[in-house]
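# Report on the structure
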Amino acid sequence: MTGSPESIDQLVDLVKQQQAFLEMFVRSWVQEYRSNGGAVFCAKGCRNCCSLAVHTGFAEAVAVARFLDEEKEHAVAAYAVRLREQVQGVSELSDYLRRHRQEIGFCPFLDAAGACSAYPVRPLTCRSLISTRESIWCGIDFATLAPAERDAYISGLDRHVVAFPSHYVAVLQEAGQELEDAGAKRMRELLGFAIYGNLGVLVHLIRRHGLAEACLEGPAEAAGVSAAAGFDSPLLVTVS
Ligand code: SF4
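Here is a short report on the structure shown in this document. (Residues numbered from 1 in each chain as written. Predicted model: local features only at pLDDT ≥ 70, side-chain atom pairs only at ≥ 80, totals over all residues. Heavy atoms only, no water.)

### Observations regarding the pairing of strand 2 (residues 195–198)
Inspection of the sheet shows strand 1 (residues 55–57) paired to strand 2 by three bridges, in the antiparallel sense. Opposite Thr 56, over in strand 2, you have Gly 197 as the bridge partner. For strand 2 and strand 3 (residues 237–239), the ladder comprises three bridges, and the chain directions are antiparallel. Each bridged residue has a counterpart across the sheet, and for Ile 195 the counterpart in strand 3 is Val 239. (Pairing = 2+ DSSP bridges. Helix = DSSP H or I, 4+ residues; strand = E, 2+ residues; numbered from the N terminus.)

This is the structure:
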(Lines give C-alpha, C1' and ligand atoms only; values in the text may rest on other atoms or scores of the structure.)
Protein backbone atom coordinates (compact mmCIF):
# COMPACT_ATOMS: atom_id res chain seq x y z
CA MET A 1 0.00 0.00 0.00
CA THR A 2 1.29 3.52 -0.81
CA GLY A 3 -0.14 6.66 0.73
CA SER A 4 -0.85 10.21 -0.32
CA PRO A 5 0.52 13.32 1.44
CA GLU A 6 -3.09 13.99 2.52
CA SER A 7 -3.05 10.80 4.57
CA ILE A 8 -0.26 12.25 6.73
CA ASP A 9 -2.26 15.45 7.16
CA GLN A 10 -5.23 13.34 8.27
CA LEU A 11 -3.08 11.57 10.86
CA VAL A 12 -1.76 14.89 12.19
CA ASP A 13 -5.31 16.29 12.38
CA LEU A 14 -6.37 13.24 14.38
CA VAL A 15 -3.44 13.68 16.76
CA LYS A 16 -4.34 17.31 17.36
CA GLN A 17 -7.91 16.33 18.22
CA GLN A 18 -6.64 13.61 20.54
CA GLN A 19 -4.27 16.02 22.27
CA ALA A 20 -7.07 18.55 22.80
CA PHE A 21 -9.34 15.82 24.18
CA LEU A 22 -6.65 14.55 26.56
CA GLU A 23 -5.92 18.08 27.71
CA MET A 24 -9.57 18.53 28.72
CA PHE A 25 -9.70 15.13 30.39
CA VAL A 26 -6.52 15.84 32.39
CA ARG A 27 -7.79 19.27 33.45
CA SER A 28 -11.14 17.98 34.67
CA TRP A 29 -9.55 14.97 36.42
CA VAL A 30 -7.05 17.19 38.26
CA GLN A 31 -9.77 19.65 39.24
CA GLU A 32 -11.92 16.91 40.72
CA TYR A 33 -8.99 15.20 42.47
CA ARG A 34 -7.93 18.47 44.05
CA SER A 35 -11.46 19.31 45.10
CA ASN A 36 -11.51 15.95 46.92
CA GLY A 37 -8.32 16.83 48.79
CA GLY A 38 -5.81 15.20 46.46
CA ALA A 39 -2.53 16.89 45.49
CA VAL A 40 -1.13 17.31 41.99
CA PHE A 41 2.25 18.99 41.68
CA CYS A 42 2.72 19.56 37.93
CA ALA A 43 3.22 23.25 37.20
CA LYS A 44 4.97 25.61 34.83
CA GLY A 45 8.73 25.35 35.28
CA CYS A 46 8.62 21.71 36.48
CA ARG A 47 10.88 19.76 34.22
CA ASN A 48 12.22 16.70 35.98
CA CYS A 49 9.98 14.33 34.02
CA CYS A 50 11.52 15.76 30.82
CA SER A 51 14.63 13.65 31.42
CA LEU A 52 12.61 10.49 30.77
CA ALA A 53 12.83 9.04 27.26
CA VAL A 54 9.76 10.21 25.30
CA HIS A 55 8.33 7.79 22.75
CA THR A 56 5.50 8.59 20.36
CA GLY A 57 3.72 7.49 17.24
CA PHE A 58 4.69 8.81 13.83
CA ALA A 59 1.98 11.49 13.48
CA GLU A 60 2.84 13.10 16.82
CA ALA A 61 6.45 13.35 15.66
CA VAL A 62 5.31 14.92 12.37
CA ALA A 63 3.32 17.53 14.32
CA VAL A 64 6.44 18.42 16.33
CA ALA A 65 8.68 18.37 13.23
CA ARG A 66 6.39 20.85 11.48
CA PHE A 67 6.48 23.12 14.51
CA LEU A 68 10.29 23.32 14.91
CA ASP A 69 12.51 26.21 13.91
CA GLU A 70 16.01 25.65 12.51
CA GLU A 71 17.80 26.31 15.77
CA LYS A 72 15.80 23.60 17.50
CA GLU A 73 16.36 21.29 14.54
CA HIS A 74 20.12 21.45 15.26
CA ALA A 75 19.55 20.65 18.94
CA VAL A 76 17.35 17.69 18.01
CA ALA A 77 19.96 16.39 15.54
CA ALA A 78 22.67 16.61 18.21
CA TYR A 79 20.42 14.78 20.69
CA ALA A 80 19.61 12.02 18.17
CA VAL A 81 23.27 11.45 17.31
CA ARG A 82 24.29 11.30 20.99
CA LEU A 83 21.48 8.87 21.70
CA ARG A 84 22.46 6.70 18.73
CA GLU A 85 25.95 6.40 20.19
CA GLN A 86 24.65 5.65 23.67
CA VAL A 87 22.42 2.77 22.58
CA GLN A 88 25.06 0.98 20.54
CA GLY A 89 25.24 -2.56 21.90
CA VAL A 90 22.25 -1.98 24.21
CA SER A 91 19.37 -4.44 23.90
CA GLU A 92 17.56 -4.17 27.24
CA LEU A 93 14.85 -1.56 27.66
CA SER A 94 15.82 -0.92 31.29
CA ASP A 95 19.42 -0.28 30.23
CA TYR A 96 18.28 2.11 27.51
CA LEU A 97 16.03 4.05 29.91
CA ARG A 98 18.77 4.30 32.52
CA ARG A 99 21.35 5.49 29.99
CA HIS A 100 18.91 7.99 28.56
CA ARG A 101 18.38 9.56 31.95
CA GLN A 102 21.99 9.44 33.12
CA GLU A 103 23.96 10.06 29.91
CA ILE A 104 21.58 11.98 27.63
CA GLY A 105 19.63 14.01 30.13
CA PHE A 106 16.87 16.38 29.20
CA CYS A 107 14.61 16.30 26.18
CA PRO A 108 15.94 18.42 23.29
CA PHE A 109 12.71 20.41 23.27
CA LEU A 110 13.27 21.72 26.79
CA ASP A 111 14.47 25.33 26.58
CA ALA A 112 16.99 27.14 28.78
CA ALA A 113 14.21 28.55 30.98
CA GLY A 114 12.96 25.03 31.73
CA ALA A 115 9.87 25.30 29.52
CA CYS A 116 8.76 23.01 26.71
CA SER A 117 9.51 24.73 23.40
CA ALA A 118 7.09 22.35 21.67
CA TYR A 119 4.34 22.90 24.24
CA PRO A 120 1.37 23.34 21.83
CA VAL A 121 2.27 20.09 20.05
CA ARG A 122 3.86 18.13 22.90
CA PRO A 123 3.01 14.44 22.71
CA LEU A 124 0.22 12.57 24.45
CA THR A 125 2.72 10.81 26.67
CA CYS A 126 3.93 14.16 28.07
CA ARG A 127 0.37 15.41 28.56
CA SER A 128 -0.68 12.26 30.38
CA LEU A 129 2.18 12.21 32.92
CA ILE A 130 0.64 13.85 35.97
CA SER A 131 2.48 13.72 39.26
CA THR A 132 0.92 13.19 42.69
CA ARG A 133 4.27 13.90 44.38
CA GLU A 134 6.62 16.89 44.45
CA SER A 135 8.65 17.34 41.26
CA ILE A 136 11.89 16.20 42.91
CA TRP A 137 10.44 12.66 42.82
CA CYS A 138 10.13 12.85 39.02
CA GLY A 139 13.91 13.10 38.74
CA ILE A 140 14.94 10.54 41.35
CA ASP A 141 16.93 7.44 40.49
CA PHE A 142 15.21 5.02 42.85
CA ALA A 143 18.16 2.63 42.70
CA THR A 144 20.14 5.23 44.68
CA LEU A 145 17.59 5.59 47.50
CA ALA A 146 18.18 4.10 50.94
CA PRO A 147 15.57 1.46 51.93
CA ALA A 148 14.01 3.80 54.51
CA GLU A 149 13.60 6.56 51.90
CA ARG A 150 12.05 4.10 49.46
CA ASP A 151 9.63 2.90 52.13
CA ALA A 152 8.64 6.47 52.96
CA TYR A 153 8.03 7.18 49.28
CA ILE A 154 5.93 4.04 48.82
CA SER A 155 3.85 4.64 51.91
CA GLY A 156 3.10 8.21 50.78
CA LEU A 157 1.55 7.12 47.47
CA ASP A 158 -2.18 7.37 46.87
CA ARG A 159 -2.58 3.80 45.68
CA HIS A 160 -6.15 4.41 44.53
CA VAL A 161 -4.97 6.65 41.71
CA VAL A 162 -1.30 6.05 40.91
CA ALA A 163 0.23 3.60 38.47
CA PHE A 164 1.95 1.84 41.37
CA PRO A 165 4.85 1.93 42.18
CA SER A 166 5.13 5.22 40.26
CA HIS A 167 3.52 8.43 41.53
CA TYR A 168 1.90 9.25 38.17
CA VAL A 169 -1.87 9.07 37.73
CA ALA A 170 -2.79 5.71 36.21
CA VAL A 171 -6.08 6.58 34.51
CA LEU A 172 -4.51 9.49 32.64
CA GLN A 173 -1.57 7.42 31.43
CA GLU A 174 -4.03 4.75 30.27
CA ALA A 175 -6.06 7.37 28.41
CA GLY A 176 -2.91 8.62 26.66
CA GLN A 177 -1.97 5.05 25.75
CA GLU A 178 -5.43 4.33 24.31
CA LEU A 179 -5.23 7.44 22.15
CA GLU A 180 -1.75 6.45 20.95
CA ASP A 181 -3.07 2.99 20.05
CA ALA A 182 -5.96 4.57 18.13
CA GLY A 183 -3.48 6.74 16.22
CA ALA A 184 -1.39 3.70 15.30
CA LYS A 185 -4.52 1.86 14.16
CA ARG A 186 -5.48 4.78 11.92
CA MET A 187 -1.97 4.87 10.44
CA ARG A 188 -2.25 1.17 9.62
CA GLU A 189 -5.60 1.80 7.92
CA LEU A 190 -4.20 4.65 5.84
CA LEU A 191 -0.65 3.49 5.12
CA GLY A 192 -0.64 -0.22 5.96
CA PHE A 193 1.83 0.01 8.84
CA ALA A 194 2.67 2.06 11.92
CA ILE A 195 5.82 3.63 13.35
CA TYR A 196 6.64 4.19 17.00
CA GLY A 197 9.84 5.51 18.45
CA ASN A 198 11.88 8.02 20.39
CA LEU A 199 10.42 11.47 19.78
CA GLY A 200 13.73 13.24 19.10
CA VAL A 201 14.91 10.48 16.77
CA LEU A 202 11.66 10.44 14.79
CA VAL A 203 11.63 14.22 14.48
CA HIS A 204 15.27 14.15 13.33
CA LEU A 205 14.49 11.48 10.73
CA ILE A 206 11.52 13.49 9.48
CA ARG A 207 13.40 16.80 9.31
CA ARG A 208 16.74 15.59 7.99
CA HIS A 209 16.25 12.19 6.37
CA GLY A 210 12.88 12.27 4.60
CA LEU A 211 11.09 9.77 6.84
CA ALA A 212 7.62 11.17 6.08
CA GLU A 213 8.17 10.86 2.31
CA ALA A 214 9.51 7.33 2.76
CA CYS A 215 6.41 6.41 4.77
CA LEU A 216 4.28 7.20 1.73
CA GLU A 217 6.22 4.58 -0.22
CA GLY A 218 5.88 1.78 2.33
CA PRO A 219 7.22 0.14 5.50
CA ALA A 220 10.41 -1.18 3.89
CA GLU A 221 11.31 2.32 2.66
CA ALA A 222 10.55 3.82 6.09
CA ALA A 223 12.68 1.20 7.84
CA GLY A 224 15.37 1.79 5.21
CA VAL A 225 15.57 5.49 6.01
CA SER A 226 15.91 4.74 9.69
CA ALA A 227 18.59 2.09 9.14
CA ALA A 228 20.56 4.23 6.66
CA ALA A 229 20.77 6.99 9.26
CA GLY A 230 21.99 4.49 11.87
CA PHE A 231 18.79 4.34 13.94
CA ASP A 232 17.88 0.72 13.35
CA SER A 233 17.76 -0.21 17.06
CA PRO A 234 14.22 -1.35 17.98
CA LEU A 235 14.70 0.65 21.18
CA LEU A 236 14.68 3.82 19.06
CA VAL A 237 12.38 3.14 16.10
CA THR A 238 9.97 0.30 15.33
CA VAL A 239 8.07 -0.17 12.07
CA SER A 240 5.20 -2.62 12.48
S1 SF4 B 1 8.29 17.36 24.56
FE2 SF4 B 1 8.19 19.04 26.04
S3 SF4 B 1 6.98 18.23 27.80
FE4 SF4 B 1 7.65 16.46 26.56
S5 SF4 B 1 9.60 15.78 27.52
FE6 SF4 B 1 10.12 17.23 25.85
S7 SF4 B 1 10.30 19.24 26.87
FE8 SF4 B 1 9.17 17.87 28.27
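Now that the structure has been shown, the text picks up again.
### Side note on the side chain of Ser 226
By secondary structure assignment, the location of Ser 226 is in helix 10 (residues 219–228). Those residues in contact with Ser 226 that sit more than four places away from it in its chain are Leu 205, Phe 231, Asp 232 and Val 237. (Contact = heavy atoms within 4.5 Å.)

### Observations concerning empty space enclosed by the protein
Summed over the entire model, instances satisfying the criterion amount to one cavity of 30 Å³ or more. The computed volume of the largest cavity comes to approximately 40 Å³. Lining of the largest cavity is provided by Leu 52, Val 54, Tyr 79, His 100, Cys 107, Pro 108, Phe 109, Asn 198, Leu 199 and Gly 200. Here the lining of the largest cavity is built from residues that sort into seven nonpolar, three polar and no charged. (1 Å grid on protein atoms, 1.4 Å probe; cavity = no way out; pocket = protein on both sides within 12 Å on 5 of 7 lines; lining within 4 Å. Points joined across faces, edges and corners; volume = space filled by probe spheres on them. Nonpolar A, V, L, I, M, F, W, Y, C, P; charged D, E, K, R; others polar.)

### Focus: the site of the ligand
Surveying the vicinity of the ligand reveals the residues Cys 50, Val 54, Cys 107, Phe 109, Leu 110, Cys 116, Pro 123 and Cys 126. Looking at side-chain class alone, the shell around the ligand contains eight nonpolar, no polar and no charged residues. (Near = heavy atom within 4 Å.)

### Details of the nonpolar core
Counting residues in hydrophobic clusters, the biggest one holds 49 residues, and the most contacted among them are Phe 58, Phe 109, Met 187, Ile 195, Val 203, Leu 211 and Cys 215. Mapped by element, the contributors of at least two residues to this core are helix 1 (5–35), helix 2 (58–67), helix 3 (70–86), helix 4 (93–104), helix 7 (170–191), helix 8 (199–209), helix 9 (211–217) and helix 10. In terms of residue count, helix 2 provides more of this core than any other element does, seven residues in total. Beyond its immediate chain neighbours, meaning those up to four positions away, Phe 109 contacts Val 64, Leu 68, Lys 72, Val 76, Ala 115, Cys 116, Ser 117, Ala 118, Leu 199, Gly 200 and Val 203. Ile 130, Tyr 153, Val 169 and Ala 175 belong to the second largest nonpolar core, which has 18 residues in total. (Core = buried A, V, L, I, M, F, W, Y, C linked by side-chain atoms within 4.5 Å. Buried < 20%, exposed > 50% of the residue type's maximum accessible area, 1.4 Å probe, protein only.)

### Remarks on the sheet that holds strand 1
Ordered in space as 1-2-3, the three strands form an open sheet in which the pairing is antiparallel. The sheet is open, and its two borders are formed by strand 1 and strand 3, each paired with just one other strand. Taking the axes of each pair of neighbouring strands and ignoring which way they run, one obtains an average angle of 15 degrees across the sheet. Contacts from helix 2 reach strand 1 and strand 2 within the one sheet, and its direction differs from that of strand 1 by about 100 degrees. (Axes fitted to C-alpha atoms, helices over the stretch in contact; angles between N-to-C directions.)

### Thoughts on the layout of surface pockets
In this structure, the second largest pocket occupies an estimated 270 Å³ of space. Every residue lining the second largest pocket is counted, 22 residues in all, and those nearest its centre are Gly 57, Glu 180, Gly 183, Ala 184 and Ile 195. The greatest single-element share of the lining of the second largest pocket, amounting to eight residues, is contributed by helix 7. Residues that form the lining of the second largest pocket fall into these classes: 12 nonpolar, six polar and four charged.

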